[in-house]
Amino acid sequence: MSSTEELLKRLGVNIDAGTLRLALTHRSYAYENGGIPTNERLEFLGDSILGFSVTDALYRDNPELPEGDLAKRRSAVVSTRALANIGRSLGIGEYIYLGQGEKLTQGKNKASILADTMEALIGATYVSNDIETARQLVMRLVGPLLKDAAVLGAGTDWKTSIQELAASRQLGTIHYAVDGAGPDHARTFTAVLSIGGTAYGKGTGHSKKEAEQEAAADGWRVLTGAESLDGTGKAAGSVAAK
């Protein structure tokens, strides 16, 4: 396991050693080590701090938006997918204490484990410091996503969003072609989204569902970014045209 000093440097906060270890202790590790405390209480705390901080920023920065739109943007930013991507960018998986079973199935790369650990680290930052320090950490982590959330406008379920968009434009039948590669315990999946026979998005993940969601999100960006190009919804930037 890597030095936690490097982790704290990446996060830009100070967390006392005991609280940091707790934040990184997954229940699988706790179970295999005599039922020691897990990071789930800190996760619960961090989830609330994350939600409030993002809600506060969206409310203050978007005075013209109705409640429904604010809720959608918040969902996009605090989703498991978004938090997991942040966790991967920080290399959080290398620091998580996992049981042997989770290690064998590449738990350090699982979206749910990464997202839960990110929330626990936010909670740990609050416990070791104060609410303002925790809020600033949240803004450093998810602040860049707030603009993307405003542009994308979709919630956490990208497959539903792309289905609604395709239906509104009468683009045709949606299909996901998914391929897997690698050993069973560390498999990576790639999905290509096609609508009406045209490929619009591509995504990867450690499960078929995650790969399909990534492909749907990619297709959503292509379609919504191409509305004014030719009026057909078939973008020059689509997978088929690359």
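Everything here concerns the structure above.
Residues numbered from 1 in each chain as written. Predicted model: local features only at pLDDT ≥ 70, side-chain atom pairs only at ≥ 80, totals over all residues. Heavy atoms only, no water.

Caption draft 1: Fine view of the overall build of the protein. Assigned secondary structure in the protein consists of eleven helices and three strands. Scanning the protein from its N terminus toward the C terminus, one meets helices and strands in the order α-α-α-α-α-α-α-α-α-α-β-β-β-α. At a minimum sequence separation of 6, the contacts of the protein that also span at least 24 residues come to 57%. For the protein, the computed accessible surface area is about 12,400 Å², with 51% contributed by carbon and sulfur atoms. (Helix = DSSP H or I, 4+ residues; strand = E, 2+ residues; numbered from the N terminus. Contact = heavy atoms within 4.5 Å. Areas by Shrake-Rupley, 256 points an atom, 1.4 Å probe, with all protein chains shown as cover.)

Caption draft 2: Molecular detail of the pairing of strand β2 (residues 188-195). Bridge analysis of strand β1 (residues 174-181) against β2 gives eight bridges, and the strand direction is antiparallel. Residue pairing across strands places Asp179 opposite Thr190, the latter belonging to β2. Summarising the sheet, β2 and strand β3 (residues 198-205) pair through seven bridges and their orientation is antiparallel. For Phe189, the partnering residue across the bridge sits in β3 and is Gly205. The antiparallel pairing of β2 with β3 creates a hairpin that spans two residues between the two strands, and Gly196 there sits at a positive phi of about 60 degrees. (Pairing = 2+ DSSP bridges.)

Caption draft 3: Inspection of the pattern of salt bridges at higher detail. Under the criterion given, the structure shown has nine salt bridges. Two residues, Asp56 and Arg60, come together in a salt bridge whose shortest N-O distance is 2.8 Å. You can see Asp56 and its partner Arg60 sitting in helix α4 (residues 40-61), four residues apart, about one turn around the helix. Lys108 is the partner of Glu94 in a salt bridge, and the nearest nitrogen-oxygen pair spans 3.1 Å. Here Glu94, found in the loop between α6 (80-90) and α7 (100-104), pairs with Lys108, found in the loop between α7 and α8 (111-128); they are 14 residues apart in sequence, far enough to count as distant. For Lys108, a relative accessible area of 27% translates into the label partly exposed. (Salt bridge = Lys/Arg side-chain N within 4 Å of Asp/Glu carboxyl O. Buried < 20%, exposed > 50% of the residue type's maximum accessible area, 1.4 Å probe, protein only.)

Caption draft 4: Main features of the packing of aromatic side chains. Summed over the entire model, instances satisfying the criterion amount to one aromatic pair. Ring plane angle 55 degrees and centroid distance 5.3 Å describe the contact between Tyr29 and Tyr97, whose orientation is recorded as tilted. Of the two residues, Tyr29 sits in helix α3 (residues 27-32) while Tyr97 sits in the loop between α6 and α7, which places them 68 residues apart along the sequence. Accessibility assignment for this pair places Tyr29 and Tyr97 in one class, buried. Its end group placed over the ring of Tyr97, Arg21 keeps NZ or CZ at 4.1 Å from the ring centre. (Phe/Tyr/Trp six-rings, centres within 6.5 Å; stacked < 30°, edge-to-face > 60°. Lys NZ or Arg CZ within 6 Å of the ring centre and 35° of its normal.)

Caption draft 5: Region of the structure containing the layout of surface pockets. Each pocket or cavity is described by its volume, and for the largest pocket that value is around 310 Å³. If you go around the largest pocket, you meet 14 residues; those closest to its centre are Arg81, Ala111, Lys209, Glu210 and Gln213. Counting only elements with at least two residues in the lining of the largest pocket, the list comes to α6, α8 and α11 (208-225). Residue composition of the lining of the largest pocket, by class: two nonpolar, seven polar and five charged. (1 Å grid on protein atoms, 1.4 Å probe; cavity = no way out; pocket = protein on both sides within 12 Å on 5 of 7 lines; lining within 4 Å. Points joined across faces, edges and corners; volume = space filled by probe spheres on them. Nonpolar A, V, L, I, M, F, W, Y, C, P; charged D, E, K, R; others polar.)

Caption draft 6: Inspection of the nonpolar core at higher detail. In this structure, Val54, Ile92, Leu121 and Val142 are the most contacted members of the largest nonpolar core, which totals 42 residues. Counting only elements with at least two residues in this core, the list comes to α1 (4-11), α2 (17-23), α4, α5 (67-78), α6, α8 and α9 (131-152). Looking at which element gives the most residues to this core, the answer is α8, with nine residues. If sequence neighbours within four positions are ignored, Ile92 has contacts with Leu7, Gly87, Leu114, Thr117, Met118 and Leu121. Counting 18 residues, the second largest nonpolar core, distinct from the first, contains Ile162, Phe189, Ala215 and Ala216. (Core = buried A, V, L, I, M, F, W, Y, C linked by side-chain atoms within 4.5 Å.)

Caption draft 7: Highlighting α5. Between its first and last C-alpha, α5 extends 16 Å over twelve residues, near the 16 Å set by a 1.5 Å rise per residue. Of the residues making up α5, those classed as buried are Leu70, Arg73, Ala76 and Val77. The buried residues of α5 all sit within an arc of 125 degrees when viewed along its axis, so they share a single face. (Expected span 1.5 Å × (residues − 1). Arc of directions from axis to C-beta.)

Caption draft 8: Here's a closer look at a nonpolar patch on the surface. Taken together, the side chains of Tyr126, Val127 and Ile131 make up a nonpolar region of the molecular surface, amounting to roughly 260 Å² of accessible area. With respect to the helices and strands, Val127 occurs in helix α8. Take Val127: its relative accessible area is 46%, and that puts it in the partly exposed class. (Patch = residues over 30% accessible without salt bridge, like charges linked within 9 Å, V, L, I, M, F, W, Y side chains within 5 Å.)

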